[in-house]
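The chain contents come next:
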Amino acid sequence: MAQRAADSHREAGAYLASARGEPSPEEAHLSAYELNRMDQQAASAALARQRLHRLLGNPYFARVDFCENGSTSQTYIGRSAFTWENRSLISDWRSPVAALFYDFEPGPASFATPSGSREGQLTLKRQISIERGQLVWAADSSSSVRDEVLARALSRTSDTRMHDIVNSIQQEQNVIIRDERPGTLVIQGVAGSGKTSIALHRIAYLLYQQKDRLNAQSVAILSPSSVFSDYISGVLPELGEEPVRQWSVHGLAQVLLEGMAKVQPPRSFADEADPARARRAAAKGTEAFARQLTQWLEAQLGASGDGPSLFEPRDLAVGGSTASADWLAQRFAAYAPVPFEERLHLVAGDALALAQGATFGRYAHVMPTRKELKGRLLRMMRAKNPLALYRRFLAETGQSKLLRASQKGMVEWEDAFPLLLCALAFRGADGFPAAAQVRHLVVDEMQDLTPVQHEALARLFPGSKTLLGDVNQLVDGRTGQVPEAVAAHYPDARTMRLMRSYRSTWEIAHLAQQVLPVAGLQAVERHGDAPLIRRCRDTSGTLAAVAEAVAAWQKDGRRTLGIICKSDLLAARYGELLAHDFPVTLITDRTETFPAGVAVTSVRLAKGLEFDEAVLLDADCQQYATEADRHLLYTAITRAMHRLTVLYRHEPSPFLPQ
Ligand SMILES: Nc1ncnc2c1ncn2[C@@H]1O[C@H](COP(=O)(O)OP(=O)(O)OP(=O)(O)O)[C@@H](O)[C@H]1O
């Protein structure tokens, strides 16, 4: 069918090209319409073919037998459904019946259907591994088999792309994937608890369950960096879904502020050499700043007309009559709290109607357009654009020093989201088409967003949201946030927690626990080498120790090794030095693809990624000394799956075990 659709499309296209100018306009229009329709048909046939092709290699991974009122039905569960001659042979992992596999052990079980819950007995739960069309193994479920399946999945060599986990989703993860309640779901999970994997499976689940509401264009992921976006980009296609839109937080700010301001790139606090700039950034990262700004903006938008208002009208001549300043002020106040631009549009409409009513059309030839009138009203605003509004806020609250005079419309990174909140006061959420299309937003690494950023996201994306992150992995110098503080920025938010960590061996997870004890954390029982914590005398000693680790990694035939430094600057410096000895890729903010082989990067950019092995450089008492540094060290350690080397000079960081 895919081939047929492609052939007809080619023929129709060739006909249109050869008969250019000859068909009647109606025929040409119809042909173009037909071509478009064929195009869509061909695209969906190609998708179906891809799906079938994938199914052929790996058709299903589980079988469940369900006995209900004495009769037993068998269901095979796969990445997508397969029906032949009207008989369902394989059920999609997202279908209601698949919950039997994820949520139950043999015994009493139930699953939801549109006509109500079906109760019965799960008489068989079989896990099946098929690779390239060949059965590799199969086993009937017991807890030891479950652990075996998980252990196999976790002991694999890492890849430059994240993979789906459909055949080993754990029960506590399944609850989150299948939670369809509206509002915002905030997931706090310890490092390596599968948050990112779950968020992606949840997107696939919601796209499947809410087909009438959501499609790939109406779901977006906000991720910490471009390299992370690339790393996770394969999961949805593996699950048979089209990729969804992805933005980095900086990318989103740039898109939304287009035409208003340019935004400087974010800078890691670990690289900040300018204390004044660091103070400015810190002040804008507080809850107090967010509260002050949102309350001030609400007051401006809600001003009743009695108190001070941003709108300072003067009498306005409108085609032969005059709208008085008092009347304009009263109309402006009547539309509170409509955003300013729309409000001026409404007042302009009122003023025109008033003038037309008063002059009975006699002055039609000099009557201004509504747009012109709106322009004149805008000149009566004390702040005529979002940047001016932001300046005014800072001036009125005695914080003018927080805004550095912008050069060529460029604002500092920390001003981007306060500015967006001010822009929202002008335009409202509908004024940002890129955001308005999104009906479900996923925010990864939520802990890195400041309160102002959360406030802006809550307003820009009024649809449902999934936020995920780990408060212990703060890498911007702040500490001590709780997920409830994040949830408080979103109406209708609920919080869920994941306490089991899957990524790292028990030994690596244990070291992470010693660096930053997390109450209630459970590390999955998968054992490996104890982390190597090693003193190096100087830079050449460090380089030699890295070379040894790289040689061992090569010998083991693993795919990825991450060399993690505290800051971006250090990563760049070490990257240059190490490149003399072996091929390395430096990961920066501009890196678009997650590299195989040896990568050098900062903790900030390694966040969310994972490596077969990790080597931490300069984990000494100077680099990792404060509470904020402790979080950095914890984040760096938890990037390693199978082996970890920690190098330090002089004295080790006080957070490392003696
Ligand atoms: N149920 C599971 N079955 C198999 N692998 C899993 C499962 N859950 C998590 N993993 C694996 O654990 C690793 C960590 O997952 P993921 O990156 O989604 O966690 P995270 O909570 O987002 O991590 P972090 O916050 O530390 O970046 C991945 O390799 C993922 O495939």
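The rules behind these values
Residue numbers run consecutively from 1 along every chain, following the written order of its sequence. Thresholds applied to this predicted model are a pLDDT of at least 70 for local features of residues and 80 or more for the giving and counting of side-chain atom pairs; totals over whole chains, interfaces and linings are not thresholded and use all residues. Helix numbers and strand numbers start at the N terminus; a helix is a DSSP run of H or I with at least 4 residues, a strand a run of E with at least 2. We call two residues in contact when their backbone-placed C-beta atoms lie within 7 Å. Here, expected helix span is obtained from the residue count minus one, scaled by 1.5 Å. With C-beta atoms placed from the backbone, a residue counts as buried when 20 or more other C-beta atoms lie within 10 Å of its own, as exposed when 12 or fewer do, and as partly exposed for counts between those limits. UniProt positions are given in the numbering used here, feature names are shortened, and annotations may be inferred rather than shown by experiment. Contact assignment follows one rule, namely that a residue is near a molecule or strand if its backbone-placed C-beta atom lies within 6 Å of it. Note that Gly is not counted as nonpolar here; it falls among the polar residues with everything else outside the nonpolar set of Ala, Val, Leu, Ile, Met, Phe, Trp, Tyr, Cys and Pro and the charged set of Asp, Glu, Lys and Arg. Just so you know, the domain bounds were taken from an automatic or database domain assignment. Strand pairing follows a simple DSSP-based rule, namely that at least 2 bridges must link the two strands. Here the term right-handed applies to a crossover when the path leading from its first strand over the helix to its second strand runs clockwise, the strands being oriented away from the viewer. Axis lines are fitted to C-alpha atoms, over the contacting stretch for helices. Their N-to-C directions set the angle, which ranges from 0 to 180 degrees. Residues of type Ala, Val, Leu, Ile, Met, Phe, Trp, Tyr and Cys that are buried and joined through C-beta atoms within 7 Å form what is called a nonpolar core. Angles below 35 degrees are treated as roughly parallel, those above 145 as roughly antiparallel, those between 65 and 115 as roughly perpendicular, and all remaining angles as oblique. Rotating anticlockwise by less than a right angle from the far helix to the near helix defines a left-handed crossing, while the corresponding clockwise rotation defines a right-handed one.

Draft legend 1. Examining the overall build of the protein chain more closely. Within the protein chain one finds 24 helices and 25 strands. Once the C-alpha set of the protein chain is aligned to its principal axes, its extents read approximately 90 × 70 × 60 Å. Residue pairs in contact within the protein chain that sit at least 24 positions apart in sequence constitute 71% of those at least 6 positions apart.

Draft legend 2. Broad picture of helix H16 (residues 416-427). Taking 1.5 Å per residue as the helical rise, H16 with its 12 residues ought to reach 16 Å, and the 16 Å between its terminal C-alpha atoms agrees with that figure. Where burial is concerned, most of H16 is hidden: 11 out of the 12 residues are buried. Listing the buried residues of H16 in full gives Ala 416, Phe 417, Pro 418, Leu 419, Leu 420, Leu 421, Cys 422, Ala 423, Leu 424, Ala 425 and Phe 426. At the exit of H16 stands Gly 428, carrying a positive phi of roughly 75 degrees.

Draft legend 3. Here's a closer look at the UniProt feature "binding site: ATP" (unreviewed entry) in the protein chain. When the UniProt feature table is mapped onto this chain numbering, "binding site: ATP" (unreviewed entry) sits at Gly 189, Val 190, Ala 191, Gly 192, Ser 193, Gly 194, Lys 195 and Thr 196. Residue placement: Lys 195 occurs in helix H6 (residues 195-209). A tally of 25 C-beta atoms within 10 Å means that Lys 195 is categorised as buried. With 25 C-beta atoms counted inside 10 Å, the residue Thr 196 sits in the buried group. With near-sequence residues (within four places) excluded, Thr 196 lies in contact with Met 162, Ile 232, Asp 444 and Gly 608.

Draft legend 4. Structural context of the site of the ligand. In the neighbourhood of the ligand, 22 residues make up the surrounding shell, with Ser 168, Ala 191, Gly 194, Lys 195 and Thr 196 lying closest. Looking at the shell around the ligand, the elements that each hand over two or more residues are helix H4 (143-154) and H6. Here the shell around the ligand is composed, by residue class, of seven nonpolar, 11 polar and four charged. Each of domain 3 (179-274 + 411-498) and domain 5 (527-648) contributes no fewer than three residues to the shell around the ligand.

Draft legend 5. Molecular detail of the pairing of strand S25 (residues 640-649). Counting buried positions over the 10 residues of S25 gives nine, a clear majority of the element. Sheet topology places strand S20 (residues 532-536) next to S25; five bridges connect them, and they run parallel. The partner of Ile 533 across the bridge, within S25, is Val 646. Of the pairings in the sheet, the one linking strand S24 (residues 611-616) to S25 comprises five bridges and is parallel in character. Each residue of the ladder has a partner; that of Phe 611, found in S25, is Ala 640. In this fold, S24 hands off to helix H24 (residues 627-637), which returns the chain to S25; that crossover is right-handed.

Draft legend 6. How the structure looks around the sheet that holds S25. Across the sheet, six strands lie side by side as S20-S25-S24-S21-S23-S22; this open sheet has parallel pairing. Sheet topology places S20 and strand S22 (584-586) at the edges, where each strand pairs with a single neighbour. Taking the axes of each pair of neighbouring strands and ignoring which way they run, one obtains an average angle of 25 degrees across the sheet. Both strand S21 (residues 560-565) and S24 contribute to a ladder of four bridges, which runs parallel.

Draft legend 7. Layout of the sheet that holds strand S15 (residues 440-443). One open sheet accounts for six strands, arranged S10-S9-S15-S16-S8-S17; its pairing is parallel. The open sheet is flanked by strand S10 (245-248) and strand S17 (493-498), the only strands paired with a single partner. On average, adjacent strands in this sheet sit at an angle of 15 degrees to one another, irrespective of strand direction. Bridge count between strand S8 (residues 184-189) and S17: six bridges; the pairing is parallel. Looking at the pairing, Gly 189 lines up with Leu 498 of S17. Most of the contacts of H6 go to strand S16 (residues 464-469), to which it runs at about 165 degrees, and overall it touches S8, strand S9 (219-223), S15, S16 and S17.

Draft legend 8. Structural context of the nonpolar core. Among the nonpolar cores identified, the biggest contains 154 residues, and Ile 203, Leu 419, Leu 420, Ile 563, Leu 616 and Ile 637 are the most heavily contacted of them. With 10 residues, the single largest contributor to this core is H16. Apart from residues lying up to four places away in sequence, Ile 637 is in contact with Ile 508, Leu 511, Ala 512, Val 515, Leu 616 and Leu 644.

Draft legend 9. The packing of helix H20 (residues 506-515) against H24, seen in detail. Axis separation between H20 and H24 bottoms out at 9 Å; the angle between their running directions is 175 degrees. The orientation of H20 with respect to H24, classified from their angle, is roughly antiparallel. Together, Ile 508, Leu 511, Ala 512 and Val 515 of H20 and Arg 630, Leu 633, Tyr 634 and Ile 637 of H24 make up the contact between the two elements.

Draft legend 10. Looking closely at the packing of H16 against helix H18 (residues 451-460). Axis separation between H16 and H18 bottoms out at 8 Å; the angle between their running directions is 35 degrees. Note that H16 runs across H18; the crossing there is left-handed. On H18, the residues that touch Phe 417, Pro 418, Leu 420, Leu 421 and Leu 424 of H16 are Val 452, Gln 453, Glu 455, Ala 456, Arg 459 and Leu 460. Taken together, the residues of the contact of H16 with H18 sort by class into eight nonpolar, one polar and two charged.

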